[in-house]
Amino acid sequence: MPDATNGSLLITNIGELMTQDPARGRDTVLRGAAVVLEGERIAWLGPSAAAPAADAAYDAAGRAVLPGWVDSHSHLVFAGDRTAEFEARMAGESYQAGGIAVTVAATRAADDDELLRLLRARAAEATAGGTTYLETKTGYGLDVAQEARSARIASAVADQVTFLGAHLVPAGVDPDEYTDLVCTGMLEAVRPYVQWADVFCERGAFTEEQSRRVLAACREAGLGLRVHGNQLGEGPGVALAVEFGASSVDHLNYLSDADVDLLAGSWAGWESGSGTGERGTVATCLPACDLSTRQPLAPARRLLDAGVEIALASNCNPGTSYTSSMNYCVTTAVLQMGLSVHEAVRAGTYGGALALGVHTGTDTDGGRAVGSIAVGHRADLHLLDAPSATHLAYRPGMPLTAAVWRAGKQVA
Ligand SMILES: N=CN[C@@H](CCC(=O)O)C(=O)O
Ligand SMILES: [Zn+2]
């Protein structure tokens, strides 16, 4: 199949083009459509009948095209395996944050080449499943040298990297001393490689006060913020994320009414229909993790109805969610979380981009948005082997990814 790396490519006869571009208002889904890719960018979209000529053409034969998935939450820099822990969970054990230490030991024991090879293989799996923009985190190093190594390796593969030194306090280390290290030497060592910082604010991980220190230091260092919050019980994660103006708070399995109100309040100045105004804290739901840990599914429907922008992400990691399949996350969101297909696809594309701050910008204003299909945005497309995105939920688990273009290049 041709791509747009050496000229322009016209993809024509698209049965359903789900642009997820809020600037189109109610007209975000086009039928009988075509798209022109030119180099890395989308150069044109509209009715097939009106499509301009291009250097190469591809007939989509009535199939659906979506933006590539934007996976805004993953932990892919690791070695080792936790099948036994998963089996124990399926036999009735509950998930404990302490399992992270097993992966830390295996990751520390792997050399750089091995870690990079593993990361590349996982990123390739994600790409094969339609993911065209990928965030990943550190958090399985947990000392200065190991976290810096993870960040450096991650930055060679992922589009954006998050510093998660505050993932677990290593055994035998004083929690407050460790928090100080995260906020000073560790932060300094990872800083050249990362755009974001995150903290696992949960019983068994970091307290509210420790999380607050981490967020303040990382903000001071110029990093964008995100929070792992409210995964294992109600707690201060959501409130902290909103207070610090974090770009997202992720997990959200246990929310109080006050948490929902705080998240909704953060979007009070935002117009969701057009994607304009003052943004708030994205609620990132991680359905594959919820199922794999047998936690209640995050209340995505309730959050949307309250006016909160949501994202869906894989949270791919060896402990709680060993899949990078965004198709699976979207399917689950429709079948079990009460989202429409359009809402679920939006959350896995535009919502992820919003969580990563890359939802807007065209080459005329110096940006290159991902997560939606519009002129000047990055040419990240996902062709389904189906006439509509509805088939993701209608035919769950089927291999529906037919082709993937990332920045105009065909990658699957
Ligand atoms: N909750 C914290 N961190 C990961 C799990 C990490 C692990 O268990 O290895 C998560 O997002 O689910
Ligand atoms: Zn996570």
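Residues numbered from 1 in each chain as written. Chains lettered and ligands numbered in written order. Predicted model: local features only at pLDDT ≥ 70, side-chain atom pairs only at ≥ 80, totals over all residues. Heavy atoms only, no water.

- Per an unreviewed UniProt entry, the protein chain is named Imidazolonepropionase, and its organism is Arthrobacter hankyongi.
- According to the UniProt record, the Subcellular location (unreviewed entry) comment for the protein chain reads "Cytoplasm".
- Per UniProt, the comment on the protein chain under Pathway (unreviewed entry) is "Amino-acid degradation; L-histidine degradation into L-glutamate; N-formimidoyl-L-glutamate from L-histidine: step 3/3." (UniProt positions renumbered as here; feature names shortened; annotations may be inferred.)

## Comments concerning the overall build of the protein chain
Then, in step 1: In terms of regular secondary structure, the protein chain is built from 14 helices and 18 strands.
Then, in step 2: The C-alpha radius of gyration computed for the protein chain amounts to 21 Å, which stays within 12% of the reference 22 Å derived for 412 residues, consistent with globular compactness.
Then, in step 3: In terms of overall dimensions, the protein chain has C-alpha extents of about 65 × 45 × 45 Å along its principal axes.
Then, in step 4: When each of the 412 residues of the protein chain is scored for burial, the buried share is 57%.
Then, in step 5: Within the protein chain, counting contacts between residues at least 6 apart in sequence, those at least 24 apart form 73% of the total.
Then, in step 6: With the model as given, the accessible surface of the protein chain reaches about 14,900 Å², and the carbon-plus-sulfur share is 51%.
Then, in step 7: Positive and negative charge centroids in the protein chain, built from 30 and 48 side chains respectively, lie 3 Å apart. (Helix = DSSP H or I, 4+ residues; strand = E, 2+ residues; numbered from the N terminus. Rg over C-alpha atoms; globule rule 2.2 N^0.38 Å. Buried < 20%, exposed > 50% of the residue type's maximum accessible area, 1.4 Å probe, protein only. Contact = heavy atoms within 4.5 Å. Areas by Shrake-Rupley, 256 points an atom, 1.4 Å probe, with all protein chains shown as cover. Lys, Arg positive; Asp, Glu negative; His and termini not counted. Charge placed at Lys NZ, Arg CZ, Asp CG, Glu CD.)

## Here's the deal with the coordination of the zinc ion (ligand 2)
Then, in step 1: Listed as protein donors to the zinc ion (ligand 2) are H73 (NE2), H75 (NE2), H228 (NE2) and N315 (OD1); their distances from the metal cover 2.0 to 2.4 Å.
Then, in step 2: Donor residues binding the zinc ion (ligand 2) come from one chain and are separated in sequence as H-x1-H-x152-H-x86-N. Residue H73 is found in the loop between β6 (69–71) and α1 (83–90), and its partner N315 is found in the loop between β15 (310–312) and α11 (326–337); the two are separated by 242 residues along the sequence. Comparing H73 with N315, the two get one shared label, buried. (Donors = N, O, S within 2.8 Å, 3.2 Å for Na, K, Ca; no water.)

## Structural notes on the site of ligand 1
Then, in step 1: What surrounds ligand 1 is a group of 16 residues, the closest being R82, Y95, Y140, Q231 and T320.
Then, in step 2: A distance of 2.6 Å is found between an oxygen atom of ligand 1 and a side-chain nitrogen or oxygen belonging to R82.
Then, in step 3: In isolation ligand 1 offers 330 Å² of accessible surface; the protein chains occlude 100% of this area.
Then, in step 4: Taken atom by atom, the bulk of ligand 1 overlaps the largest cavity.
Then, in step 5: Classifying every residue of the shell around ligand 1 by side-chain character gives five nonpolar, ten polar and one charged. (Near = heavy atom within 4 Å. Polar contact = N/O pair within 3.5 Å; in protein donor to acceptor, adjacent residues only side chain to side chain. 1 Å grid on protein atoms, 1.4 Å probe; cavity = no way out; pocket = protein on both sides within 12 Å on 5 of 7 lines; lining within 4 Å. Sits in = over half its atoms within 2 Å of the grid points. Nonpolar A, V, L, I, M, F, W, Y, C, P; charged D, E, K, R; others polar.)

## Description of empty space enclosed by the protein
Then, in step 1: Applying the stated rule across the entire model yields one cavity of 30 Å³ or more.
Then, in step 2: Taken as a whole, the largest cavity spans an internal volume of roughly 100 Å³.
Then, in step 3: H75, Y95, H167, N317 and T320 are, among the 14 residues lining the largest cavity, the residues nearest its centre.
Then, in step 4: Here the lining of the largest cavity is composed, by residue class, of four nonpolar, nine polar and one charged. (Points joined across faces, edges and corners; volume = space filled by probe spheres on them.)

## Considering the pairing of strand β14 (residues 282–285)
Two faces, one strand: in a regular strand the side chains alternate between the faces of the sheet.
Then, in step 1: Side chains V282 and T284 project from β14 onto one buried face, and the interleaved A283 and C285 project onto a second face that is buried too.
Then, in step 2: As paired elements, β14 and β15 share three bridges and run parallel to each other. Paired with A283 across the strands is I310, a residue of β15. (Pairing = 2+ DSSP bridges.)

## A short note on the confidence of the model for the protein chain
Then, in step 1: Residue-level pLDDT values for the protein chain average 97, and 100% of them are 70 or greater.
Then, in step 2: Of the two predicted TM-score estimates for the complex, the pTM is 0.98 and the ipTM is 0.98. (pLDDT = per-residue confidence, 0-100.)

## So, the packing of helix α3 (residues 112–128) against helix α4 (residues 144–155)
Then, in step 1: Between α3 and α4, whose axes approach to 10 Å, the crossing angle comes to 45°. Judged by the inter-axis angle, α3 sits oblique to α4. In terms of crossing hand, the pair formed by α3 and α4 is right-handed. Contact residues: α3 offers D112, L115, L116 and L119, while α4 offers R149, R152, I153 and A154.
Then, in step 2: Class assignment for the residues of the contact of α3 with α4 results in five nonpolar, no polar and three charged. (Axes fitted to C-alpha atoms, helices over the stretch in contact; angles between N-to-C directions. Parallel < 35°, antiparallel > 145°, perpendicular 65-115°, else oblique. Left-handed = near helix turned anticlockwise from the far one by under 90°.)

## Looking at the packing of aromatic side chains
Then, in step 1: Evaluation of the coordinates by the stated rule reveals five aromatic pairs.
Then, in step 2: Aromatic side chains W267 and W270 sit 5.4 Å apart centroid to centroid with 70° between the ring planes, which places their arrangement in the edge-to-face category. Residues W267 and W270 agree in their burial class; the two are buried.
Then, in step 3: The ring of F78 is capped by R122, whose NZ or CZ atom sits 3.5 Å from the centre of that ring.
Then, in step 4: Across the ring face of W196, the terminal group of R226 is positioned such that the distance to the ring centre comes to 4.4 Å. (Phe/Tyr/Trp six-rings, centres within 6.5 Å; stacked < 30°, edge-to-face > 60°. Lys NZ or Arg CZ within 6 Å of the ring centre and 35° of its normal.)

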